[in-house]
Amino acid sequence: VGNPTADEVAEFKATYTETADEFAERNKLPRKPIIALLAGSRKQEIKDNLLYMIRAAKRVCGDKYQMVIAGAPGIDKEFYDSYINGMDVKIVFGETYALLSQSRAAAVTSGTATLETALFNVPQVVCYKTPVPKLVRFGFNHVLKVKYISLVNLVADAEVVKELFADHFTICLLYTSPSPRDRSVS
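The written sequence of each chain sets the order in which its residues are numbered from 1. Reporting in this predicted model follows two pLDDT cut-offs: at least 70 for local features of residues, and 80 or more for side-chain atom pairs to be given and counted; totals over whole chains, interfaces and linings ignore these cut-offs and use all residues. Values reported for side chains reflect all heavy atoms of the structure, with hydrogen atoms and water molecules removed beforehand.

The next point concerns unusual backbone geometry. Where the residue is not glycine, phi is negative for most of them; where a peptide bond is considered, it is trans in most cases. At Lys28, a residue that is not glycine, the phi angle is positive and equals roughly 55 degrees. Numbering of helices and strands runs from the N terminus, with a helix taken as a DSSP run of H or I at least four residues long and a strand as a DSSP run of E at least two residues long. Its place among the elements puts Lys28 in the loop between helix 2 (20-26) and strand 1 (34-38). Using a relative accessible area of 73% as the deciding quantity, one classes Lys28 as exposed. Positive phi is not limited to glycine here, since Asn121 has a value of about 60 degrees. Residue position: Asn121 is located in the loop between helix 6 (112-119) and strand 5 (124-128). Partly exposed residues are those whose accessible area sits between 20% and 50% of the maximum for their type, while under 20% is buried and over 50% is exposed, using a 1.4 Å probe and protein chains only.

Glancing now at helix 3 (residues 43-61). Helix span is expected to be 1.5 Å times the residue number reduced by one. Between its first and last C-alpha, helix 3 extends 26 Å over 19 residues, near the 27 Å set by a 1.5 Å rise per residue. A residue's bend is simply the angle between two axes: one fitted to the seven residues ending at it, one to the seven starting at it. Remark: the principal bend of helix 3, roughly 35 degrees, maps to Asn49. Residues Glu45, Ile46, Asp48, Asn49, Leu50, Met53, Ile54, Ala56, Ala57 and Cys61 constitute the buried set of helix 3. Positive backbone phi, at 55 degrees, marks Gly62, one or two positions downstream of helix 3.

On to empty space enclosed by the protein, then. Here a cavity is any set of points on a 1 Å grid over the protein atoms alone where a 1.4 Å probe fits but cannot get out, and a pocket is any open set with protein on both sides within 12 Å along at least 5 of 7 lines; a residue lines the site when it has an atom within 4 Å of a point. Grid points are joined across faces, edges and corners, and a volume is the space filled by probe spheres set on the points. Using the criterion set out here, one finds one cavity of 30 Å³ or more in the structure. For the largest cavity, the calculated volume is near 60 Å³. Lys32, Lys58, Gly62, Asp63, Tyr65, Gln66, Met67 and Asp88 together form the lining of the largest cavity. Classifying every residue of the lining of the largest cavity gives two nonpolar, two polar and four charged. Put simply, Ala, Val, Leu, Ile, Met, Phe, Trp, Tyr, Cys and Pro go in the nonpolar bin, Asp, Glu, Lys and Arg in the charged bin, and everything else, Gly too, in the polar bin.

For the rest of this paragraph, the subject is helix 4 (residues 77-84). Looking only at helix 4, the buried set comprises Phe79, Tyr80, Tyr83 and Ile84. Take helix 4 and look down its axis: the buried residues cluster within an arc of 125 degrees, on one side only. Of the exposed residues in helix 4, the ones pointing more than 90 degrees away from its buried face are Glu78 and Ser82. Between two residues, a contact is recorded if the distance between any of their heavy atoms is within 4.5 Å. Residues of helix 4 that are buried in the fold lie against helix 3, strand 2 (66-71) and strand 3 (89-93). Phi turns positive one or two residues past the end of helix 4, at Gly86, with a value near 85 degrees. This arc is built from the directions going out from the helix axis to the C-beta atoms.

With that settled, the discussion passes to the confidence of the model for the chain. Values of pLDDT, which run from 0 to 100, indicate the predictor's confidence residue by residue. Residues at a pLDDT of 70 or more form 75% of the chain, whose mean pLDDT is 81. Highest mean pLDDT in the chain belongs to helix 5 (residues 96-102) (98); lowest belongs to helix 9 (residues 171-175) (47). Segment residues 173-186 is flagged for pLDDT under 50; beyond a separation of four residues in sequence, or across chains, it makes 43 contacts in the model.

Attention now goes to the environment of Leu51. By the secondary structure assignment, Leu51 is in helix 3. Expressed as a C-alpha distance, the spacing of Leu51 and Ile84, which sit 33 residues apart in the sequence, is 7.8 Å.

All right, on to the packing of helix 1 (residues 4-15) against helix 6 then. Structural elements are reduced to axes, namely lines fitted to C-alpha atoms, with helices fitted over the stretch in contact, and the angle between N-to-C directions of any two is expressed from 0 to 180 degrees. Between helix 1 and helix 6, the least distance of the axes is 10 Å, while the angle of their chain directions is 40 degrees. In terms of axis orientation, helix 1 runs oblique to helix 6. Read as a crossing pair, helix 1 and helix 6 show a hand that is right-handed. The residues of helix 6 that touch helix 1, namely those facing Thr5, Ala6, Val9 and Lys13, are Thr112, Leu115, Glu116 and Leu119. Partitioning the contact of helix 1 with helix 6 into residue classes produces four nonpolar, two polar and two charged. What sets the label is the angle itself: under 35 degrees gives roughly parallel, over 145 gives roughly antiparallel, 65 to 115 gives roughly perpendicular, and the rest give oblique. What makes a crossing left-handed is the near helix being turned counterclockwise from the far one by less than a right angle; a clockwise turn instead makes it right-handed.

Moving on, we come to the environment of Asp76. By the secondary structure assignment, Asp76 is in the loop between strand 2 and helix 4. For Asp76, a relative accessible area of 53% corresponds to the exposed category. Measuring from C-alpha to C-alpha, the distance between Asp76 and Lys43 comes to 9.9 Å, with 33 residues separating the pair along the chain.

Turning next to the pattern of salt bridges. For this analysis, a salt bridge means a side-chain nitrogen from Lys or Arg found within 4 Å of a carboxyl oxygen belonging to Asp or Glu. A complete count under the given rule lists eight salt bridges for this structure. Residue Arg26 is joined to Glu95 by a salt bridge in which the shortest nitrogen-to-oxygen separation is 2.5 Å. A residue pair is termed long-range when its members are at least 10 positions apart, and Arg26 in helix 2 and Glu95 in the loop between strand 3 and helix 5 qualify at 69 residues. One salt bridge connects Glu45 with Arg42, and the closest N-O pair in it is separated by 3.1 Å.

This is how it looks when you write it as structure tokens:
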């Protein structure tokens, strides 16, 4: 309430009527349930997070689900291709809300995308890998005065969504997070 993102999502949801099959056909995707990967809006975030998200989602989902990246505005497809070349991962640009509308679960880097994902009632794991994880964890625990990194948890003042941050973000930890079959935010 009071955040422009809430209004934007509500407006989108009020007019969006596309079915999963229509979304898949329009984006040339297989007709499988979708795991959305929102790896950030900056190249460094994508570089640090995307491959971990893909590997973990692949371990959890196998071939039953498809992974679809929400391409960030201002980031060229070629930049993503350097990370996903040869992998069974699709990417869509300018379609984040439609993608979330059709997703069963999501791996999301910390930022506005965590709030957007929650407003679409998509279960998520918040991921944020850093180049110097132990130093970042120290700063988070001893310098910063916040308990959480995701907007969802900050607003709720409770861990509503799982956060895997800095040294707590590994493929093994992401792999043991809640199943994408559960559509409720837990």
